[in-house]
Amino acid sequence: MRKIHSFIKSCFTQSCLLCMLLSCNGNSKQQKMTFWDNCDIVATREIVNGDTVVVCDLSTVKQKLNIPLSLLVEDFEVIKFDNSKEEALISQRIMAPIVFSKNYMALHSFGAFPLKLFKRDGTFLRHIGAIGQGPGEYYMISEVQIDEDNNRIYLSSWISDKILIYDLDGNIYPPIPLPRRVVRCRMRVDSTNKTVLMMGVFFEDTKSHIWIQDFGGRVIQETSSLPYDSDQQPIEDFIITGQHTKSIELFREHYKNSNDLLYHYSIDSNKLIPRFKIINMKNDIVLYELPNQYIVETVHSTGIQNDVISTKIIIDKVSLKGCYFDGFITPSGVLLDQYPMLAYMTNGYFSLVDFGSEIEKRILKVNEKDLSSENREKLDKLRKIIEKEEDDCSLLFVGKFKQ
């Protein structure tokens, strides 16, 4: 009898312990909040001509929060650019995307200086091509792609009928002809299959905004022009695709575009599929797509020379929650909200370049009491990088978007 009583008592004790553990686990799960738990639902999924489109209603966006960069990217780091050579110096804030490969990165500022090739640690290697009108030269750069595996760099200029080709040593190769002139084009070059996916706005003789061609200039397939207002002029618009996702996202920016859609291009069906739209926005907008979020941006001039205000909204693709935000907060607590911060992002990377003296001002605004000991060390490291330089230096903040 005693054995039975002892057995029952033991079972009861174990059951109580199990209940307590389950209760604790349940509470910990309840207490574990994500960033999006603090945001309201600001979008819905709607069916448009058989396609599912995420529609964000501006009137539902009320909150404003700064976004932890760790929410969006992984492998975040701060890199100091080489300033040991005159030709390595970056004389201004970079106003164009930085392109990355495994061991290299290239940057430009449209026509301010030639394309600069660096190692991923910031060591300057060489200029690629030159500003000019001769063979292998360009006036303003529109798009760059580094194909490290095939020892190639592809470059398209602002208005052009060809893609320039170099190797990583800067040697020039015969260009890829385009079937028509393009403006501010985006491209995906496939060296192995010798094909190019081109995206660009149109001139009068343009049949489409997106096509696939071979290296000889022969069009393999193309779509009809995007379903936008037909009276838009080329000078008023350009194609935006950050190429952050496995899909081919496409948005055409032009005046009075607040009702426009962000599309995906389907190679298999050779058509554009609507994916995202914002409504009740009175201003011109730019739509960006990240692997897990959409971002909407409007830009307003303050009336002061070169001074603009950027209004930004972020929407999570899964929960459809979102908010306004000014910028991204690095792990070290520094707020990055420079304009045009979003335009720097390309090919699956967040990247931003700024002078050390400007970052130093932002460090002064960091509340170090809110940082963990690990992140305080990161802030100290950033501060020492800047203080070590007698002259001003250029810093790169970079991380790969989480897929």
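Residues numbered from 1 in each chain as written. Predicted model: local features only at pLDDT ≥ 70, side-chain atom pairs only at ≥ 80, totals over all residues. Heavy atoms only, no water.

Visitor: Give me a negative patch on the surface: which residues, what numbers.
Guide: Together, Glu360, Glu387, Glu390, Asp391 and Asp392 make up a region of like negative charge exposed at the surface. Tracing the backbone through its elements, the reader meets glutamate 390 in the loop between α3 (373-388) and β30 (394-401). Residue classification places glutamate 390 among the exposed positions, given a relative accessible area of 81%. (Patch = residues over 30% accessible without salt bridge, like charges linked within 9 Å, V, L, I, M, F, W, Y side chains within 5 Å. Areas by Shrake-Rupley, 256 points an atom, 1.4 Å probe, with all protein chains shown as cover. Salt bridge = Lys/Arg side-chain N within 4 Å of Asp/Glu carboxyl O. Lys, Arg positive; Asp, Glu negative; His and termini not counted. Charge placed at Lys NZ, Arg CZ, Asp CG, Glu CD. Helix = DSSP H or I, 4+ residues; strand = E, 2+ residues; numbered from the N terminus. Buried < 20%, exposed > 50% of the residue type's maximum accessible area, 1.4 Å probe, protein only.)

Visitor: Give me the packing of aromatic side chains: which residues, what numbers.
Guide: Across all of its chains, the model carries nine aromatic pairs by this definition. Taken together, the ring pairs in this structure connect Phe81, Phe118 and Phe124 into an aromatic cluster. Between arginine 180 and the ring centre of tryptophan 211, over which it is positioned, the NZ or CZ distance is 4.5 Å. (Phe/Tyr/Trp six-rings, centres within 6.5 Å; stacked < 30°, edge-to-face > 60°. Lys NZ or Arg CZ within 6 Å of the ring centre and 35° of its normal.)

Visitor: Kindly report on the environment of phenylalanine 113, identifying the contributing residues and their values.
Guide: Among the secondary structure elements, phenylalanine 113 is positioned in the loop between β7 (104-107) and β8 (115-119). With relative accessibility at 7%, the residue phenylalanine 113 sits in the buried group. Taking the C-alpha atoms as reference, phenylalanine 113 lies 8.7 Å from isoleucine 90; in sequence the two are 23 residues apart.

Visitor: Mind laying out the sheet that holds strand β16 (residues 195-201), listing which residues take part and the relevant values?
Guide: Judged by pairing direction, the sheet is antiparallel, and its seven strands sit side by side in the order β12-β13-β14-β15-β16-β17-β18 without closing on themselves. Of all strands in the sheet, those with a lone pairing partner are β12 (141-147) and β18 (219-222), marking the two edges. Going across the sheet, the axis of each strand differs from the next one's by a mean of 25°, ignoring polarity. Relative to strand β13 (residues 152-157), β12 runs antiparallel, the two sharing six bridges. Within β13, the residue paired with valine 144 across the bridge is leucine 155. (Pairing = 2+ DSSP bridges. Axes fitted to C-alpha atoms, helices over the stretch in contact; angles between N-to-C directions.)

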